[in-house]
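# Residue-level structure breakdown
Read off the chains here:
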Amino acid sequence: MEILELLDVQFLAIAVACFAVVAGAVYLLSSGKKRKGVLDPENFKEFKLVKRTQLSHNVAKFTFALPTPTSVLGLPIGQHISCRGKDSQGEEVIKPYTPTTLDTDVGHFELVIKMYPQGRMSHHFREMKVGDFLAVKGPKGRFKYQPGQVRAFGMLAGGSGITPMFQVARAILENPKDKTKVHLIYGNVTNEDILLKEELDNLASTYPDRFTVYHVLNQPPESWNGGVGFISKEMIRAYCPAPAPDVQILRCGPPPMNKAMAAHLEALGYAPEMQFQF
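Description of the structure in this document. (Residues numbered from 1 in each chain as written. Predicted model: local features only at pLDDT ≥ 70, side-chain atom pairs only at ≥ 80, totals over all residues. Heavy atoms only, no water.)

With that settled, consider the sheet that holds strand E9 (residues 211-217). If you walk across this open sheet you meet the six strands as E10-E9-E8-E7-E11-E12, and the pairing is parallel. In this open sheet, the two edge strands, each paired with only one partner strand, are strand E10 (227-228) and strand E12 (275-277). Taken together, the three bridges between strand E11 (residues 247-252) and E12 define a ladder with parallel strand orientation. Following the sheet pairing, arginine 251 is matched in E12 by glutamine 277. In the packing of helix H3 (residues 162-173) onto the sheet, contacts are made with strand E7 (152-158), strand E8 (181-188), E9 and E11, and the angle to E7 comes to roughly 155°. Docked against the sheet, helix H4 (residues 197-206) engages E8 and E9, running at close to 140° with respect to E9. (Pairing = 2+ DSSP bridges. Helix = DSSP H or I, 4+ residues; strand = E, 2+ residues; numbered from the N terminus. Contact = heavy atoms within 4.5 Å. Axes fitted to C-alpha atoms, helices over the stretch in contact; angles between N-to-C directions.)

What follows is the structure, given as C-alpha cells:
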C-alpha cells in the first residue's frame, strides 16, 4: 500500500512538472515574446555559408546558417550588421551590410551582395565558397521602427542601397497589424543592375494597396515605361507621399545621390524630422 501511495505521489509530481513546462511554453507563444537573437554587438561571431546563388555577373545571394534550425539573427527592422573579411592584399576590412531576411526567416540569414571590381569587401565575397565562414557582429544602426509610427514611408534608393529599404518594406507589409503604406523610387544604371527585382515585383503584386515601386534607369532599354535619368524632384512629388507630420522619407544610395536627394527633399518642403538617411 505504501509503495502504491509513493508511486501516486511521484506520478503527481511528474504531472505537475509537465504541466508547468507546457504552460510555460504556451505562455511564451501566446505572449509573443521575442526569441533572443544570436548576434553579439561587441564581438564577431562566425556563420557558415551554406548556399551561394549567382543572380547576375556581379551579384550573388549568400545564405548563412544560424546555430540551430530555430535560431533567429536578432536584427531590429532597418538595422544592419558589420561583416569582416580580407581584401586582395590580405588586409582586414570591415563593411556594413543589411540582410534581406527578417527574424521570421528562422535558421538562416541572407545577404544580396553586389561585388565591385575594386571593392575591398567585394573581393572577400567573390572568393567565398560554400563551407566558408563569415565573421559578423551587430546589430548596428540608428533607425528604429515601431508599427504605425508613420502613415506612409517614401523610399529613395540607389543601387545596393535597396537592401535596407527591402528589409523595412517586407517587415511592414508582412505584418497584418501594420497598415503603413510604402512608396519606393529605385534608381539604377541599367535594367540588369536592379537588385531584388523579382522580390520587389512580388511585394507590389501581393500588396497593391500598400506598396508601390517606381524604377528609374540612367540607361534604359528601348521598351521602358519607368523613369529615365536620375531621381528628380518631379519624380519624388509624383510617386512619394507629400510632406506631412505622419510621413517619413528614407534614403540610401551612393554619397552623391544622397546629397542630391537631400536637396530635392528640402526644396519640396520635407522638414529634417521627416527624413532619414541610412
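And the narrative resumes.
In this section: the pattern of salt bridges. Inspection of the entire model under this criterion finds six salt bridges. One salt bridge in this structure joins lysine 114 and aspartate 193, with 3.4 Å as the shortest N-O distance. Of this pair, lysine 114 sits in strand E5 (residues 108-114) while aspartate 193 sits in the loop between E8 and H4, and the two are 79 residues apart along the sequence. Taking relative accessible area as the criterion, aspartate 193 reaches 15% and is therefore assigned buried. (Salt bridge = Lys/Arg side-chain N within 4 Å of Asp/Glu carboxyl O. Buried < 20%, exposed > 50% of the residue type's maximum accessible area, 1.4 Å probe, protein only.)

What follows concerns the environment of lysine 61. With respect to the helices and strands, the residue lysine 61 is situated in strand E2 (residues 59-65). The sequence separation of lysine 61 and threonine 100 amounts to 39 residues, and the corresponding C-alpha distance is 9.5 Å. Ignoring any residue separated from it by four or fewer positions in sequence, one finds lysine 61 in contact with Lys51, Arg52, Thr53, Leu55, Glu110, Leu111 and Val112.

The next thing to look at is unusual backbone geometry. Geometrically, the link from glycine 138 to proline 139 is a cis peptide bond, its omega value of 5° lying close to zero. For proline 139, the position within the fold is in strand E6 (residues 133-140).

This part covers the sheet that holds E5. For sheets, the rule is that strands pair by backbone hydrogen bonds, running either parallel or antiparallel. The sheet built from six strands is open, its strands ordered E4-E3-E6-E1-E2-E5 with antiparallel pairing. Taken across any chain shown, the strands that pair with only one partner, and hence form the sheet edges, are strand E4 (92-97) and E5. Adjacent strand axes in the sheet meet at a mean angle of 35°, parallel and antiparallel pairs treated alike. Judged from the six bridges that link them, strand E3 (residues 80-86) and E4 form a sheet pairing that is antiparallel.

Attention now goes to the packing of aromatic side chains. A complete count under the given rule lists ten aromatic pairs for this structure. Judged by centre distance (5.6 Å) and plane angle (90°), the ring pair of phenylalanine 47 and phenylalanine 109 falls under edge-to-face. Within this pair, whereas phenylalanine 47 is found in strand E1 (residues 45-56), its partner phenylalanine 109 is found in strand E5, the two being separated by 62 residues in sequence. Both residues of the pair, phenylalanine 47 and phenylalanine 109, belong to the buried class. Ring centres of phenylalanine 276 and phenylalanine 278 lie 5.2 Å apart, and the angle between their planes is 75°; this geometry places the pair in the edge-to-face category. (Phe/Tyr/Trp six-rings, centres within 6.5 Å; stacked < 30°, edge-to-face > 60°.)

Among the secondary structure elements, aspartate 105 is positioned in the loop between E4 and E5. By relative accessible area, which is 18% here, aspartate 105 ends up buried. Reaching out from aspartate 105, the side chain makes a polar contact with the backbone nitrogen of leucine 102 at a distance of 2.8 Å. In terms of polar contacts, aspartate 105 uses its side chain to reach the side chain of arginine 170, at 3.0 Å. (Polar contact = N/O pair within 3.5 Å; in protein donor to acceptor, adjacent residues only side chain to side chain.)

Another aspect to go through is helix H2 (residues 120-127). All of the buried residues in H2 are Met121, Ser122, His124 and Phe125. The buried residues of H2 occupy an angular sector of 155° when the element is viewed end-on, so they sit on one face. If you follow the buried residues of H2, they end up packed against E1, E2, E3, E4, E5 and E6. (Arc of directions from axis to C-beta.)

With that out of the way, let us pick up the packing of H3 against H4. Running from amino to carboxyl end, H3 crosses H4 at an angle of 30°, the nearest separation of the two axes being 11 Å. Here H3 lies roughly parallel to H4, going by the angle between them. The crossing of H3 and H4 is left-handed. On H4, the residues touching Ile162, Phe166, Arg170 and Leu173 of H3 are Glu199, Leu200 and Leu203. Looking at the contact of H3 with H4 residue by residue, the class counts come to five nonpolar, no polar and two charged. (Parallel < 35°, antiparallel > 145°, perpendicular 65-115°, else oblique. Left-handed = near helix turned anticlockwise from the far one by under 90°. Nonpolar A, V, L, I, M, F, W, Y, C, P; charged D, E, K, R; others polar.)

Note on placement: glutamine 167 falls in helix H3. Sequence-distant contacts of glutamine 167, defined by excluding residues within four places in its chain, comprise Leu75, Pro76, Ile77, Gly78, Gln79, Thr98, Pro99, Thr101 and Leu102.

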